[in-house]
Amino acid sequence: MTSIIIIAILPIVLLYLGLYKAQKALLPVAVLGLLAALVTSVMQWTTLDEAHSEFNGMLLYNNFSVAFSAISIISTILILLLSKGYFEKISNHIAEYYAIILFSLTGILVMVSYHNLTMMFIGIEIMSVSLYILAGIRKNDFASNEAALKYFLMGAFSTGFLLFGIALIYGATGSFDIDIIRDWVLSAGRKADPMFYTGVMLIIVGLCFKVGAAPFHFWTPDVYEGAPSLITLFMSTVVKVAGFAAFLRLFSACFLPIAQFWTPVLLVITILTLFIGNITALYQQSFKRMMAFSSISHAGYLLFAIVAIGASSATSIFMYSTAYSIASIIAFGGLILVRQQTGTDNFEGFNGLAGKNPFLALVLTVAMLSLAGIPLTAGFIGKFYMFSGALSQYRIWLVIVAVVNAIISIFYYFRVIIAMYFRSADREQVEVPAYYKFVLGFSALATIIVGVYPTLISGLIK
Amino acid sequence: MTVSILLFLPVVAAVLTLFFKNEVAKHAALFFALVELGLAISFVTGFVPNASIQYLVDVPWIPQFGIYFSAGIDGISMVMVLLTTVLVPLIILSTYEHQYKNGKAIYALILFMQAGLLTVFTALDGFLFYVGWEAALIPIYFICALWGGENRIRVNIKFFIYTFAGSLFMLVAIIYLYLQTPNKLYDIHSFYELSLSMKQQTWIFWGFFIAFAIKMPVFPFHTWQPDTYTEAPTAGTMMLSGIMLKMGIYGVIRWLIPNAPIAFAYWGYYALILSVIGIVYGSVIAFKQKDGKRLVAYSSIAHVGLIAAGIFAWSVQGLQGAMIQMVSHGINVVGMFFIWDIISRRLGTRDISLMGGIAKVAPKFSIAFLIIVLGTVALPLTNGFVGEFLLLKGVYNYTIVFAAVAGLTIIFGAVYMLRMYKNVMQGELNELTATFTDIKGSEKLVLGIICALIIIIGVYPQPLLHLSEASITNLFQTVSAKFAAAKF
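Residues numbered from 1 in each chain as written. Chains lettered and ligands numbered in written order. Predicted model: local features only at pLDDT ≥ 70, side-chain atom pairs only at ≥ 80, totals over all residues.

**As for the environment of Ser321 of chain A**
Residue and element names in this part refer to chain A. Turning to its location among the elements, Ser321 is positioned in helix H14 (residues 313–342). Residue classification places Ser321 among the buried positions, given that 27 C-beta atoms sit within 10 Å. Between the C-alpha atom of Ser321 and that of Thr280, which follows or precedes it by 41 residues, the distance is 22 Å. (Helix = DSSP H or I, 4+ residues; strand = E, 2+ residues; numbered from the N terminus. Buried ≥ 20, exposed ≤ 12 C-beta atoms within 10 Å, placed from the backbone.)

**Overview of the UniProt feature "domain: NADH:quinone oxidoreductase/Mrp antiporter transmembrane" (unreviewed entry) in chain B**
Those places that UniProt annotates as "domain: NADH:quinone oxidoreductase/Mrp antiporter transmembrane" (unreviewed entry) correspond, in this numbering, to residues 125–409 of chain B. As annotated, residues 125–409 of chain B comprises 82% helix and 0% strand, and the C-alpha atoms at either end are separated by 38 Å. (UniProt positions renumbered as here; feature names shortened; annotations may be inferred.)

**Some remarks on the domain arrangement of chain B**
Residues and elements named next belong to chain B. Under the domain assignment, chain B is made up of domain 1 (1–259) and domain 2 (265–488). Relative to domain 2, the C-alpha centre of domain 1 lies at a distance of 21 Å. At the junction of the two partners, domain 1 supplies 41 residues and domain 2 supplies 48 residues. Residue composition of the side of domain 1 that touches domain 2, grouped by class: 27 nonpolar, eleven polar and three charged. (Domains from an automatic or database assignment. Contact = placed C-beta atoms within 7 Å. Nonpolar A, V, L, I, M, F, W, Y, C, P; charged D, E, K, R; others polar.)

**A closer look at helix H2 (residues 23–42) of chain A**
Note: α-helices contain 3.6 residues per turn, so residues at a spacing of three or four share the same orientation. Residue and element names in this part refer to chain A. The terminal C-alpha atoms of H2, which comprises 20 residues, lie 30 Å apart, in line with the 28 Å expected from a rise of 1.5 Å per residue. Residues of H2 that are buried: Leu26, Ala30, Gly33, Leu34, Ala37, Leu38 and Ser41. Buried residues along H2 cover an arc of 140° about the axis, so they all sit on one side. Along H2, exposed side chains directed more than 90 degrees from the buried face belong to Lys24, Pro28 and Leu32. (Expected span 1.5 Å × (residues − 1). Arc of directions from axis to C-beta.)

**Here we look at the environment of Ile381 of chain A**
All names here are of chain A. Of note, Ile381 is situated in helix H17 (residues 378–392). Distance in space between the C-alpha atoms of Ile381 and Leu19 is 45 Å, their sequence separation being 362 residues. Discounting residues that sit within four places of it in the chain, Ile381 has contacts with Met319, Ala323, Val450, Gly451 and Pro454.

**Regarding the packing of helix H11 (residues 229–253) of chain A against H14 of chain A**
Helix packing geometry: the angle between the two helix axes and the distance between the axes. Residue and element names in this part refer to chain A. Their axes nearest at 9 Å, the elements H11 and H14 cross at an angle of 175°. By the angle between their directions, the pair H11 and H14 is classed as roughly antiparallel. Contacts from Ser229, Thr232, Leu233, Ser236, Thr237, Val241, Phe244, Ala245, Leu248 and Ser252 in H11 reach Ser313, Ala314, Ile317, Ser321, Ser325, Ser328, Ile329, Phe332, Leu335 and Ile336 in H14. Its residues assigned to classes, the contact of H11 with H14 comprises eleven nonpolar, nine polar and no charged. (Axes fitted to C-alpha atoms, helices over the stretch in contact; angles between N-to-C directions. Parallel < 35°, antiparallel > 145°, perpendicular 65-115°, else oblique.)

See below:
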């Protein structure tokens, strides 16, 4: 709970710092505050996974929420470190970036620890409203405005679905509390009211919008492309991970007994998401757009854990999203540096990078291998957990579909590696600031360490 | 002493190699590879040739998933470890005449790949096996794509996707087996103890088969091979053909057949047919090749086809033949590619029709070339003979027709190999070949060692056969008992 309070107060402090023109202090204060929040959050971790509830049962802290809070906070810290010198180029009011990102993070922390549907909704809204602003924060940029408007319209639409679903479930069960809903589902069994089932379907639609799963993914590529790269990074990592954490928390707690009702729906969504994400990513010329579509396909892999819902689902999502987040941080960090020099988001911008910047090329290679799921990287461990979970429920065809998609994804991830190592171009050395060196090096190292010894973090949940 | 030293030393060596200057990196890499060889030889001397698993290492890795870092050496693994550790220093030595751009990286990648290969050959845990399998793939992709020929980008992405696709199906099969084990372990012995239905085994069989067939390669999964071999730098071609394709054959013996014995009893026949088609197909196409390296690549498809056929025919002789032929093929094909490397480095082309009369100007080279050709065509008293004889015997016991087809193709193989030798080495000198200079220094050393191995194994194969005999017999009996129990 302390961590939420810290992160809620932090942006207000930052706004005041901005007001008094203490630009230099923004980043250190934000990072220190987040570290404090991280520490207080991790201290709540218990070996026996004892849950304790706060605010009259509105929030419930267990190891699940600690693990997902920790990965969200760490990713945010890394993203903020990458932002040094980045936001200054876009606007003069940089305090508002830090503040809004942290407001959004507050919503995320609520999303991973809610115990009541209203809190879930409030968390998602705190996060989303901040994101609408962040997407459009380059006020004079056409693409950024378009992104914000699209995201807002689509987001508001999906919020409507979500809220309607919650209302119907309230109507059927008489409560917003997760435990009460679960008990109601257990006692009603298969005889539950159609109103309840409609509510579940609407919640699926709403949440699939938020995590960018097909066929509700249309906003993702445009929004991801139009928003500033670091905001895209924040949306495609922290926000997506939190969306899945919220998704899983609700479905594993409440709707598990009626899994045979909603798994066929999610199965179709998963397969669509995988194919649409991967096949469209194949045809992109822009690295940023490729990452946007590939993030759709990763949403497909993450959905595996919910389709094959079981005891290990939480660990699977945690491992996969950790791997995916740190690899994306490297990819976007690299993109920002390359873009600053070449002025393009396209693959050609990476041509011959290995010759002049061996370090940057190496970390980007690690990231691409991890995203493609090659062993000895964290991405493989994530895929391994997902495949194991799906196979344990005998969803062999689903796994074969996933395998086919993993093969397709090699094509576009390797395009980056091929461009960096095997194509040549006249280029200057890209300057890598110390902050970037730290973040990229740390993330690459973490990718390999988790890939070689996943036990290090896989025990966090349970 | 456990096998873990053998697996970690090359990783450490690969990292250390990166700290040397480009000019001295090759010496450092050779030194590390020789240390590894010394280690392997000490393992051989302490090895008791019975069916037990020795030098076992077994520590928890991801215990909640039943994954252990579990590796050990039995007779079959011992032969493969020996092959790998002997060939890697030879391959490094064979690159001494090359000036690779950013040379330390290629040596580091070769050493890292060696770690992956040795992991595959010693792993006793399905997960570890898969990790080793991919850990060998990544370095070879970079070796081939960074230092390869003109079409390297297109050819190598095809190669990578082919092999990666195959291995993912294998991963699914491994996870499936794991889920069936009562104690939820990836341990190979728990896999062996399972008794799955025919339908389940059929899935497992094909999951593994695709991965291994692509790696070997078996017809019709071979289409990546000639292009990749031709475009790769010679060191890469040697790693691929000398050692890496043996991963597939080893996988069939260790993972495919024992884990799906009943499916194998049923489907093995079709796998055998594919292998025999591969023999004929490889030979026929090799016959028409003008590029020497490509010719060797296609002839390799034929030779590997015979090894696969010997295994799928399932007899002790066939399996023993496969073991020794893996070693012989490894040595011969590395020699053959080195020969073509020397020729193309000196003459700037590999076109056979442009050559002739080299024997006149390079007598030492011509002797080495002749010995390697004779080893490849399996002349008695060379290493190729022992293996091919046993393999043909195995196929013959299965059906005479296949043995006849395979046997005739071997003769056909002798024809194109000797014709290649004749066209390159004999006849009249022309303007191009008159400039050829005889081998010297490191080239002489590499070819000398290869020729010596060809003759020693050919004359006295017994120690090598003895190493794997007990393990092979044990494997044969266990699997045969299983499909005797489930006749259909």
